[in-house]
Amino acid sequence: MTASSPPTGRAPLMSLADAMTDLLGRIDALTATETVDTFEADRRVLAQDLVSALQVPPNDNSSMDGYALRAADVTEVGQVLRVSQRIAAGHAGEPLEAGTCARIFTGAPMPEGADAVVMQEDTVEVGGDIHGVHIQALPKAGQWVRRAGEDVTRGAVVLARGERLSPAGLGLAASLGLARLPVFARVRVALFSTGDELVMPGEVAPEAMKPGAIYNSNRFFLRTLLERMGCVVSDLGIVPDSRAATLAALQGAAEQHDLILTSGGVSVGEEDHIKPSVQQLGSLDLWQIGMKPGKPFAYGTVRRTTAPAGQGCHFIGLPGNPVSSFVTFLLLVRPFLLKLQGVPADRFEALPTALTLPAHFTVAKADKRREFLRVRRNAAGGLDLFPNQSSGVLTSTVWADGLVDNPAGTTIAHGDPVSYISFAELLA
Ligand code: AMP
Ligand code: MG
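Here the structure is a predicted model, which is why all the values come from computation and not from measurement.

Conventions adopted
For every chain, the first residue of the written sequence is number 1, and numbering continues from 1 along that sequence. Chain A is the first chain written and ligand 1 is the first ligand written, with later ones labelled in order. Local features in a predicted model are, by the rule used here, given only for residues with pLDDT of at least 70; side-chain atom pairs are given and counted only at 80 or more, and totals for whole chains, interfaces and linings are based on all residues. The basis for the side-chain values is all heavy atoms of the structure; hydrogens and waters are excluded. Secondary structure elements follow DSSP: runs of H or I no shorter than four residues count as helices, runs of E no shorter than two count as strands, and numbering proceeds from the N terminus. Between the two quantities, the radius of gyration covers C-alpha atoms and the globule rule is 2.2 Å times the number of residues to the power 0.38. Shrake-Rupley sampling with a 1.4 Å probe provides the accessible areas, and residues are treated as covered by the protein chains on show and by no other component. Here Asp and Glu are counted as negative and Lys and Arg as positive; His is not counted, and neither are the chain ends. Charged side chains are reduced to one point each, which is NZ for Lys, CZ for Arg, CG for Asp and CD for Glu. One number per residue, pLDDT, summarises how confident the predictor is, and it ranges from 0 to 100. Pairs of residues are marked as contacts when any of their non-hydrogen atoms sit within 4.5 Å. For helices, the axis comes from a line fit to the C-alpha atoms of the stretch in contact; other axes are also lines fit to C-alpha atoms, and the angle between any two N-to-C directions lies between 0 and 180 degrees. Convention used here: angles under 35 degrees read as roughly parallel, angles over 145 as roughly antiparallel, angles from 65 to 115 as roughly perpendicular, and any remaining angle as oblique. If you view the pair so one helix is near and one far, a crossing is left-handed when the near helix is turned anticlockwise from the far one by less than a right angle, and right-handed when it is turned clockwise. Domain extents, as shown, originate in an automatic or database domain assignment. Here's the idea: put two parts together, see how much 1.4 Å probe accessible area each one loses, and the total over both is what we call buried area. We define a salt bridge as a side-chain nitrogen of Lys or Arg found within 4 Å of a carboxyl oxygen belonging to Asp or Glu. Note that Gly is not counted as nonpolar here; it falls among the polar residues with everything else outside the nonpolar set of Ala, Val, Leu, Ile, Met, Phe, Trp, Tyr, Cys and Pro and the charged set of Asp, Glu, Lys and Arg. Here's how the labels work: a residue is buried when its accessible area is under 20% of the maximum for its type, exposed when over 50%, partly exposed in between, all with a 1.4 Å probe on protein chains only. Arc definition: it is the arc formed by the directions from the helix axis to the C-beta atoms. Stacked, edge-to-face and tilted labels apply to pairs of Phe, Tyr and Trp rings (six-membered ring for Trp) whose centres lie within 6.5 Å, assigned for plane angles under 30 degrees, over 60, and everything in between, in that order. Note on definitions. A residue lies near a molecule or strand when any single heavy atom of the residue is within 4 Å of it. Counted as a polar contact is a pair of N or O atoms within 3.5 Å, where, for protein atoms, one must be capable of donating a hydrogen and the other of accepting one, and residues adjacent in sequence contribute only when both atoms are in side chains. Think of it this way: DSSP has to see at least two bridges between two strands before they count as a pair. The set of buried Ala, Val, Leu, Ile, Met, Phe, Trp, Tyr and Cys residues whose side-chain atoms join them within 4.5 Å is what this entry labels a nonpolar core.

Q: Residues and numbers for the overall build of the protein, please.
A: When its secondary structure is counted, the protein shows 8 helices and 26 strands. In terms of C-alpha radius of gyration, the protein reaches 31 Å, well past the compact-globule figure of 22 Å for 428 residues. Of the roughly 20700 Å² that the protein leaves accessible, carbon and sulfur atoms contribute 53%. Put simply, the protein has 37 plus and 45 minus side-chain charges, and the middle of one group is 7 Å from the middle of the other.

Structure follows, in structure tokens:
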């Protein structure tokens, strides 16, 4: 059906893709950098190319325990070669005497003149007055030798500026002798939750909770998600549903932070104070995104008294419903932070590539919003659906191991191929 739809008084929904493009288009990477211990650099973003000052490995070396020799010296199986020296890892040998072999161990440098290693398992020691070995397999030149520079050549860019470091990346940096690494400064985020109904766990016992009160769950996962992304978090706790308190929290946070992240209060009810407060202190766009969970989403800036106009603190307001908050963080805040941290746009996927897997469930009623269903992979290679997809049911996000990205207006029959994005990718 096309034709003009009847006026509903509601703003049209913005697509998630447009929201993502718009959001990423409004920010530039932060420029401050620092140098940190390589041990401390996991998940940090490199601020400079790492250029190798040496080759790795530094010399040709053996990849086996065995005997180093000249392949051409062995012309038949069973030939005996005298063992003229012994070279362990970390020790340099002498040039190899012609017609002999060197006992050698994994990682030990090849002696000059040797071009192959015969592994220990293909030899038999000869006793008696000469110390020698029977070579049981004809060697080929180059066998079991790791070439100097086969991993890294001198002058190579081993890790590029903008790379987000991983455990393997730290190992690679260390293999170049780098004990400290140049990285972009951490993004400083002020986090607060809004809602007069919120109570902190530990402050009120479950049996003493007043009617209408609920525990603040968003604060726990949002803080943890921010920390996992490498942010420095100032947790401002719960801000009451009042204009004065909201204004004070925003104003206080803007100077020393790069981003203010809030949850709740972004709808347009009269208890939702985020919109007028941010507008008063800067600017705000309140989006209705065509996604489920997570329709209301706000982006804006809060002026800093110390900075020129146009250099306000970023503001993102997430919806209050816990699943909406969680999912919008993963789908929108995550790419926002990657870009802010200095990862170039071509080095991350705002939405990680989905796997196509069969649905072992049905969705009979099409939704007009693009839906992110909480699902879990099963042993039969398909996906099971958590039965309650309400945006308040946090259990769904713990039970699930990922999301099905279901386009707007689409039903799902049992066995249909669907697009699955694992939480592991979104949380990496
Ligand atoms: P709001 O966006 O403020 O209208 O909140 C939407 C729903 O999410 C309400 O049911 C709130 O009680 C709930 N909610 C808001 N903030 C939190 C929070 N930090 N933890 C748990 N639930 C919340
Ligand atoms: Mg609220």
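From this point, things continue past the structure.
Q: Account for the confidence of the model for the protein, naming residues and giving values.
A: In this model, the protein carries a mean pLDDT of 94, and residues with pLDDT of at least 70 account for 98%. Predicted confidence is poor over residues 1–6, with pLDDT under 50, and the contacts of this stretch with residues over four places away or in other chains come to 0 contacts.

Q: Would you mind going over the packing of helix α4 (residues 243–254) against helix α5 (residues 274–281) in detail, with residue names and values included?
A: The interhelical angle for the contact between α4 and α5, taken along N-to-C directions, is 50°, at an axis separation of 9 Å. When the interaxial angle is binned, α4 and α5 end up oblique. Pair α4 / α5 crosses with right-handed handedness. Judged by residue contacts, Arg243, Thr246, Leu247, Leu250 and Gln251 of α4 engage Ile274, Pro276, Ser277, Val278, Gln280 and Leu281 from α5.

Q: Can you lay out the domain arrangement of the protein for me, pointing to particular residues and giving the numbers?
A: Domain assignment breaks the protein into domain 1 (2–32 + 186–347), domain 2 (33–56 + 151–184), domain 3 (61–146) and domain 4 (355–427). Taken together, the two surfaces of domain 1 and domain 2 that pack against each other cover about 950 Å², and 44% of this comes from carbon and sulfur. A per-residue breakdown of the area domain 1 buries against domain 2 is headed by Ala32, Arg186 and Arg347, which together make up 45% of the total. There are 0 salt bridges connecting domain 1 and domain 2. Here the side of domain 1 that touches domain 2 is built from residues that sort into 6 nonpolar, 3 polar and 3 charged.

Q: Describe in detail helix α2 (residues 167–175), supporting the description with residues and values.
A: Buried residues of α2: Gly169, Leu170 and Ala173, and no others. The arc that holds the buried residues of α2, viewed along the axis, is 100°, so those residues lie on one side. Set apart from the buried face of α2 by more than 90 degrees, the exposed residues are Pro167 and Ala168. Residues of α2 that are buried in the fold lie against β2 (50–51), β11 (157–159) and β12 (180–184). Just beyond α2, the residue with positive phi is glycine 177, at close to 90°.

Q: Explain the packing of aromatic side chains to me, and be specific about the residues and the numbers.
A: Applying the stated criterion across every chain yields a total of 5 aromatic pairs. With centroids separated by 5.9 Å and ring planes inclined at 20°, the aromatic side chains of tryptophan 287 and phenylalanine 297 adopt a geometry described as stacked. Residue tryptophan 287 is found in strand β18 (residues 282–288), and its partner phenylalanine 297 is found in strand β20 (residues 296–302); the two are separated by 10 residues along the sequence. Accessibility expressed as a relative area gives 7% for tryptophan 287, which makes it buried. Pairing phenylalanine 386 with tryptophan 399 gives two aromatic rings, centres 5.3 Å apart and planes at 55°, and the pair type is tilted.

Q: Help me get a handle on the pattern of salt bridges, residues and values and all.
A: Pairs can form between side chains of opposite charge once their charged atoms are near each other. Within this structure, the stated rule accounts for 12 salt bridges. The residue arginine 219 makes a salt bridge to aspartate 235 at a minimum N-O spacing of 2.8 Å. Residue arginine 219 is located in helix α3 (residues 218–228), and its partner aspartate 235 is located in strand β16 (residues 232–239); the two are separated by 16 residues in the primary sequence. Overall, the relative accessible area of 22% leaves aspartate 235 in the partly exposed class. Bridged by salt links that share partners, the residues Asp22, Arg26 and Asp285 form one connected network.

Q: Describe the site of ligand 1, naming the residues involved and giving the relevant values.
A: Neighbouring ligand 1 are 14 residues, the closest being Glu197, Asn216, Gly265, Gly320 and Asn321. In the model, a nitrogen atom of ligand 1 is placed 2.8 Å from a nitrogen or oxygen of the asparagine 216 side chain. Within the contact set of ligand 1, an oxygen atom lies 2.8 Å away from a backbone nitrogen or oxygen of glycine 265. Coverage of ligand 1 by the protein chains reaches 77% of its 480 Å² of free accessible surface.

Q: Which residues make up the environment of phenylalanine 329, and what values go with them?
A: Topologically, phenylalanine 329 is positioned in helix α6 (residues 322–340). Each C-alpha atom of the pair phenylalanine 329 and serine 193 lies 14 Å from the other, and the pair is 136 residues apart in sequence. What phenylalanine 329 contacts, discounting residues up to four positions off in sequence, is Leu222, Leu225, Leu226, Met229, Leu261, Leu318, Arg334 and Leu337.

Q: Explain the sheet that holds strand β9 (residues 132–135) to me, and be specific about the residues and the numbers.
A: Strand pairing within a sheet occurs via backbone hydrogen bonds; the two strands may be parallel or antiparallel. In spatial order, the strands read β7-β4-β6-β5-β9-β8; together these 6 strands make up an open sheet with mixed pairing. Of all the strands in the sheet, the pair left with one neighbour each is β7 (116–119) and β8 (123–126). Averaged over neighbouring strand pairs, the angle between their axes works out to 40° when direction is ignored. Sheet topology places strand β5 (residues 80–87) next to β9; 3 bridges connect them, and they run antiparallel.

Q: Please give an account of the nonpolar core that cites residues and values.
A: Within the largest apolar cluster, 48 residues are counted, with the highest numbers of intra-cluster contacts made by Leu261, Ile316, Phe329, Leu332, Phe336 and Leu337. When residues of this core are traced back to their parent elements, those giving at least two are α1 (16–25), β13 (188–194), α3, β17 (259–263), β20, β21 (313–318), α6 and α8 (423–427). Top contributing element to this core by residue count: α6, with 12 residues. Ignoring any residue separated from it by four or fewer positions in sequence, one finds leucine 332 in contact with Leu16, Ala19, Met20, Leu23, Ile289, Met291 and Phe297. Grouped together as the second largest cluster of nonpolar side chains are 18 residues, Ala254, Val266, Leu284 and Phe315 included.

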